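Summary of structural features
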Protein chains: 2
Amino acid sequence: MAKINKNFENLVPSYLFAETAKKTNDYIKAHPDKKVIKLGIGDVTLPLAPIVVDAMKKGCDELGHKETFKGYPDYEGYAFVREAVAGYYKSFGVTVSPDEIMINDGAKSDAGNFTDIFSEENVVLVTDPVYPVYVDTNIMGGRKIIYADCTEENGFCAVPDKNVHADLIYLCSPNNPTGSCLNRDQLRAWVDYALENKAVIFFDAAYEAFITEDNIPRSIFEIEGARKCAVEMCSLSKTAGFTGTRCGYTVIPHELEVEGVNVYKRWYRRQSTKFNGVSYPVQCAAAAVFSQEGLKQIKENLSYYQENAKIIAGTMNELGIKFTGGVNSPYIWFKCPDNMGSWDFFDYMLDNIQVVGTPGEGFGENGKGWFRLTAFGDRNNTIEAMERFKKLIKG
Amino acid sequence: MAKINKNFENLVPSYLFAETAKKTNDYIKAHPDKKVIKLGIGDVTLPLAPIVVDAMKKGCDELGHKETFKGYPDYEGYAFVREAVAGYYKSFGVTVSPDEIMINDGAKSDAGNFTDIFSEENVVLVTDPVYPVYVDTNIMGGRKIIYADCTEENGFCAVPDKNVHADLIYLCSPNNPTGSCLNRDQLRAWVDYALENKAVIFFDAAYEAFITEDNIPRSIFEIEGARKCAVEMCSLSKTAGFTGTRCGYTVIPHELEVEGVNVYKRWYRRQSTKFNGVSYPVQCAAAAVFSQEGLKQIKENLSYYQENAKIIAGTMNELGIKFTGGVNSPYIWFKCPDNMGSWDFFDYMLDNIQVVGTPGEGFGENGKGWFRLTAFGDRNNTIEAMERFKKLIKG
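So, here is what we can say about the structure in this document. (Residues numbered from 1 in each chain as written. Chains lettered and ligands numbered in written order. Predicted model: local features only at pLDDT ≥ 70, side-chain atom pairs only at ≥ 80, totals over all residues. Heavy atoms only, no water.)

Thoughts on the relation of the copies chain B and chain A
Superposing chain B onto chain A takes a rotation of 180° plus a shift of 0.0 Å along the axis, which leaves an RMSD of 0.0 Å. This pairing of chains is accounted for by a two-fold axis. Nearest to the rotation axis, the C-alpha of K57(B) is located 2.7 Å from it, this being the minimum over chain B. Comparing interface residues between copies, 100% of those in chain B also sit at the interface in chain A, which points to an isologous, same-surface contact. (Least-squares fit on C-alpha atoms with pLDDT ≥ 70 in both. Contact = heavy atoms within 4.5 Å.)

This is how it looks when you write it as structure tokens:
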């Protein structure tokens, strides 16, 4: 008799975005005359850069001619993409070899699958609040999960605790959902902790392109020792609007070993067995992002979102509302006024000003009483939402 | 201290294609004047159909304009693709609902990941010879694997043994590597076995588009009862030359339950956590394949490969060499003449007639003394290879 993986029954049903969508749709149905502005979901809205579209179409054309047709791609991605990514790292002073880079169909795939190569015995540390994928994948794998608190007191930047032992550590900076960023010293503390505990850090750098301040590392590999204890995952989803195009990359330094096993080689063995590489036109598109002209073009979109973030953050400042993010991040994470609960505030905003955000509670215990807005919306809508917000709060 | 997944150490290092490539490249280096013909790898060589390229490029353009931009795709694939796949099934008489179809980035991903939702306690049955992915993924997951023999005696079609108990069963028909196909009665025997054992069959239909004979089912869902015990995986890789484009689909009937758990829902939960859907332009390309004009265009490529298969099979017949496949399959699996070993015959062919194939031994014990050629090569090269082969065998 076939037997099911019972670990799935330990998953907390996450109705976060389903629930916010349902409430929003119900409201729209009941109030068809009202203009609802959605600043809830972390999905981009601006189109791909022209150079990216052209490269992708060229890739399609190549597949349409026998002379240029491409069959199975390399599991690790074409060299021309890996070289482009390595060049991008170089542009902010980090040296990684193209041979340490694996191209994938999005950071979520690697974030979700990477623990395949680790034993179930590992103790996994995640922050609270947290991007749910880190938690759910390890529950599915039957691993013990412990939480490091991110709170108002520590600016939503968890600090390693020497009295707590962890084997695998997930860090996300700039953070989803809080927009907080680990500065160089804070990240160094985690690297030191990992080295002392012989732990491995999975560093999710999906939002690195939003970093504008010098003291915030764009890669964990800016920190000494990280090459011996960290894997970095990044994505073109937010960097270049690839949420629907699907491409990301993972960096696994040659030095990284676990119990004497080379992690890159082990992961390569996993990928070559369970994955067949990324679509050729998508890889062409990815390489175009990192060209000189590509970087220039994507900067326009990033600036647009950054300006939205400034508008939201400015509103919070003006109203004296505590928040993290907004700088170096497309997310603004703020304390619900008047000690309202996250979900109450969600309803309050929707009912009164028709602005949709995400209740912080959906990301963990420490998100209770906090709320997330995103900078990925339309400019005019963002401005209008903030005007409405000011009126609501000022009363 | 981080701990590695030790199951990987039970993997047999598979050097099959690395080894054949090395031997081939060494030969070419030593004999630059010789024309080597490669009929070894199961990768397609003809370009994508024009309608497919156009649809994919249109998808790229849509991503380049704000009005038509697409963000995160649905985890299960866009409805227009799932509806197209359901329509394709209908064309050969099988009814599946679009809600039972999940679109993925290739059948290998789902074949590799699907056991995530099953316990490690399951006994896994695979055939011998076998597509290595079924074996390796289950070794990584720590599951017990048993083998069902495919031999000359049973025409390389394994027969279920009532005295053997299995929980999860992998079947591939038309088969890789042997080209053999389960007819309706043979497949029914497996479905009956699965129902009796409350086992789940993973049916790999990646080569279904090559089926020409009526008594060979194109889908396991042509068999009564299969909806209660089977998951079907298929791919556009061979159907429409998508090896570099990357798109496949998995059918999970609503009726399929394991220990009272709905398999579709459980798999959806896995996918929504560890996967973020398929690239939009690729989904546009996939839908185009199943349009009326698309099916007409891909048929031309399929006919080309089928004609190659006929040429190879015809040669075997002419020489009186025992083989399976060639009909309903792009693979021709033949017995090495003079009781030669697979690897000896590989060297013999390379040295004497510069034709590259794949030693059957690389696919399992029962492949010893057998050899695989593929129909995916160029027509003239295939003809030339067979001319050389005839001379070699006739002596």
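Having seen it, we continue.
Description of the sheet that holds strand 6 (residues 200–204) of chain B
Two orientations exist for strands paired in a sheet by backbone hydrogen bonds: parallel and antiparallel. Residues and elements named next belong to chain B. Ordered in space as 2-8-7-6-5-3-4, the seven strands form an open sheet in which the pairing is mixed. What marks the edges here is a single partner per strand, and that holds for strand 2 (101–104) and strand 4 (144–149). Put simply, the sheet's adjacent strands are angled 20° from each other on average, direction ignored. As paired strands, strand 2 and strand 8 (residues 248–251) are joined by four bridges and run antiparallel to one another. Bridge pairing links M102 to T250 in strand 8. (Pairing = 2+ DSSP bridges. Helix = DSSP H or I, 4+ residues; strand = E, 2+ residues; numbered from the N terminus. Axes fitted to C-alpha atoms, helices over the stretch in contact; angles between N-to-C directions.)

Quick word on the packing of aromatic side chains
The geometry of an aromatic ring pair is captured by the separation of the ring centres together with the interplanar angle, meaning the angle of the planes. As enumerated under the stated definition, the model contains 70 aromatic pairs over all chains in all. Where F17(A) meets F363(A), the ring centres are 6.4 Å apart and the plane angle is 70°; that geometry is what we call edge-to-face. Remark: F363(A) occurs in the loop between strand 14 (358–359) and strand 15 (370–374) and F17(A) occurs in helix 1 (residues 16–30); sequence separation between them is 346 residues. Accessibility expressed as a relative area gives 32% for F17(A), which makes it partly exposed. Centre to centre, the rings of Y78(B) and F80(B) are 5.5 Å apart; their planes meet at 25°, and the pair counts as stacked. Accessibility expressed as a relative area gives 14% for Y78(B), which makes it buried. Taking the relative accessible area as the measure of exposure, F80(B) reaches 33% and is therefore partly exposed. Of the aromatic side chains, those joined through ring pairs into one cluster are F114(A), F118(A), Y131(A), Y134(A), Y170(A), F202(A) and W267(A). Of note, R379(A) hangs over the ring of Y304(A), and the distance from its end group to the ring centre comes to 4.4 Å. (Phe/Tyr/Trp six-rings, centres within 6.5 Å; stacked < 30°, edge-to-face > 60°. Buried < 20%, exposed > 50% of the residue type's maximum accessible area, 1.4 Å probe, protein only. Lys NZ or Arg CZ within 6 Å of the ring centre and 35° of its normal.)

Topic: the side chain of S173(B)
All names here are of chain B. Tracing the backbone through its elements, the reader meets S173 in the loop between strand 5 (168–172) and helix 6 (184–197). From its side chain, S173 meets the backbone nitrogen of L182 in a polar contact 2.9 Å long. When residues no more than four places from it in sequence are discounted, the contact partners of S173 are S180, C181, L182, F203, D204 and A205. (Polar contact = N/O pair within 3.5 Å; in protein donor to acceptor, adjacent residues only side chain to side chain.)

Considerations on the sheet that holds strand 6 (residues 200–204) of chain A
All names here are of chain A. Pairing within the open sheet is mixed, and its seven strands lie in the order 2-8-7-6-5-3-4. What marks the edges here is a single partner per strand, and that holds for strand 2 (101–104) and strand 4 (144–149). Averaged over all pairs of adjacent strands, the angle between strand axes in this sheet comes to 20°, irrespective of strand direction. In terms of strand pairing, strand 3 (residues 123–128) meets strand 4 through six bridges, oriented parallel. Bridge pairing in strand 4 places T127 opposite A148. Sheet strands touched by helix 6 (residues 184–197): strand 3, strand 4, strand 5 (168–172) and strand 6. Its angle to strand 5, the strand with the most contacts, is close to 170°.

A closer look at the environment of E300(A)
All names here are of chain A. Inspection of the secondary structure puts E300 in helix 10 (residues 292–319). The class for E300 is exposed, based on a relative accessible area of 58%. The spacing of E300 and S279 is 21 residues in sequence and 26 Å in space, taken between C-alpha atoms.

Describing helix 1 of chain A
Note: α-helices contain 3.6 residues per turn, so residues at a spacing of three or four share the same orientation. Residues and elements named next belong to chain A. With 15 residues, helix 1 extends 21 Å between its outermost C-alpha atoms, agreeing within 8% with the 21 Å of an ideal straight helix rising 1.5 Å per residue. Those residues of helix 1 that fall on the buried side of the exposure criterion are L16, T20, T24 and Y27. The arc enclosing the buried residues of helix 1, seen along the axis, measures out at 60°, which places them on a common side. For helix 1, the exposed residues lying more than 90 degrees away from the buried face are K29 and A30. Its buried side turned inward, helix 1 meets strand 1 (37–38), helix 11 (342–353), strand 13 (355–356) and strand 14. (Expected span 1.5 Å × (residues − 1). Arc of directions from axis to C-beta.)

So, the pairing of strand 3 of chain A
Residue and element names in this part refer to chain A. With six of six residues buried, strand 3 lies mostly within the body of the structure. The two faces of strand 3 match: V123, L125 and T127 on one face and V124, V126 and D128 on the other face are all buried. Tracing the backbone out of strand 3, into helix 5 (residues 132–140) and back to the parallel element strand 4 gives a crossover that is right-handed. In the sheet, strand 3 pairs with strand 5 via two bridges, with the strands oriented parallel. Each residue of the ladder has a partner; that of V124, found in strand 5, is L168. (Right-handed = clockwise from strand over helix to strand, strands pointing away.)

Points about the pattern of salt bridges
Residues and elements named next belong to chain A. For the coordinates displayed, the defined rule picks out 55 salt bridges over all chains. For E384, the salt bridge identified is with K35, shortest N-O distance 2.8 Å. Of the two residues, E384 sits in helix 12 (residues 379–394) while K35 sits in the loop between helix 1 and strand 1, which places them 349 residues apart along the sequence. The salt bridge partner of R82 is E76, with a shortest N-O separation of 4.0 Å. For the pair shown, R82 and E76 are each scored as buried. Connected via shared salt-bridge partners are E318, E387, K390 and K394. (Salt bridge = Lys/Arg side-chain N within 4 Å of Asp/Glu carboxyl O.)

Side note on the pairing of strand 8 of chain B
Residue and element names in this part refer to chain B. Every second residue of strand 8 is oriented toward a common face, with G248 and T250 on one face and Y249 and V251 on the other, all of them buried. Pairing of strand 7 (residues 230–235) with strand 8 involves four bridges; the strand directions are antiparallel. Bridge assignment links E232 to a residue of strand 8, and that residue is V251.

What about the interface of chain B and chain A?
Each partner contributes residues to the interface: chain B has 81 residues there, and chain A has 82 residues. Each partner contributes to the roughly 6,700 Å² buried at the junction of chain B and chain A, and carbon and sulfur atoms together form 55% of this total. Considering only the side of chain B, the residues that lose the most area to chain A are I4(B), Y72(B) and K274(B), jointly responsible for 10% of the buried surface there. Between chain B and chain A we count twelve salt bridges in total. With a closest N to O distance of 3.2 Å, R266(A) and E9(B) form a salt bridge. At the junction of chain B and chain A, the tally comes to 48 residue pairs in polar contact (both at pLDDT 80 or more). If you list the elements that add at least two residues to the side of chain B that touches chain A, you get helix 2 (50–63), helix 4 (107–113), helix 5 (132–140), helix 7 (236–239), helix 8 (263–274) and helix 9 (280–289) of chain B. (Buried area = accessible area lost by both parts, 1.4 Å probe.)

A few points about the side chain of D110(B)
Residue and element names in this part refer to chain B. Within the secondary structure, D110 sits in helix 4. For the buried residue D110, which engages in no salt bridge, the nearest side chain bearing the opposite charge is R270, 6.4 Å off. Not counting the four nearest positions on each side in its chain, D110 is found in contact with N104, M233, T250, W267 and Q271. (Lys, Arg positive; Asp, Glu negative; His and termini not counted.)

Some remarks on the packing of helix 11 (residues 342–353) of chain B against helix 12 (residues 379–394) of chain B
All names here are of chain B. Contact geometry for helix 11 and helix 12: axes closest at 11 Å, N-to-C directions at 110°. Considered as vectors, helix 11 and helix 12 are oriented roughly perpendicular to each other. When helix 11 is examined against helix 12, the residues F345, Y348, M349, N352 and I353 are found in contact with a partner set consisting of R388, F389, L392 and I393. (Parallel < 35°, antiparallel > 145°, perpendicular 65-115°, else oblique.)

Structural notes on the packing of helix 2 (residues 50–63) of chain A against helix 9 (residues 280–289) of chain A
Residues and elements named next belong to chain A. Relative orientation of the contacting elements helix 2 and helix 9 amounts to 150°, with a least axis distance of 7 Å. By the criterion of interaxial angle, the relationship of helix 2 to helix 9 is roughly antiparallel. In this structure, helix 2 crosses over helix 9, and the sense of that crossing is right-handed. Two secondary-structure elements touch here, helix 2 through I51, V52, A55, M56, G59, C60, E62 and L63 and helix 9 through Y280, P281, V282, C284, A285, A288 and V289. In terms of residue class, the contact of helix 2 with helix 9 is made up of 13 nonpolar, one polar and one charged. (Left-handed = near helix turned anticlockwise from the far one by under 90°. Nonpolar A, V, L, I, M, F, W, Y, C, P; charged D, E, K, R; others polar.)

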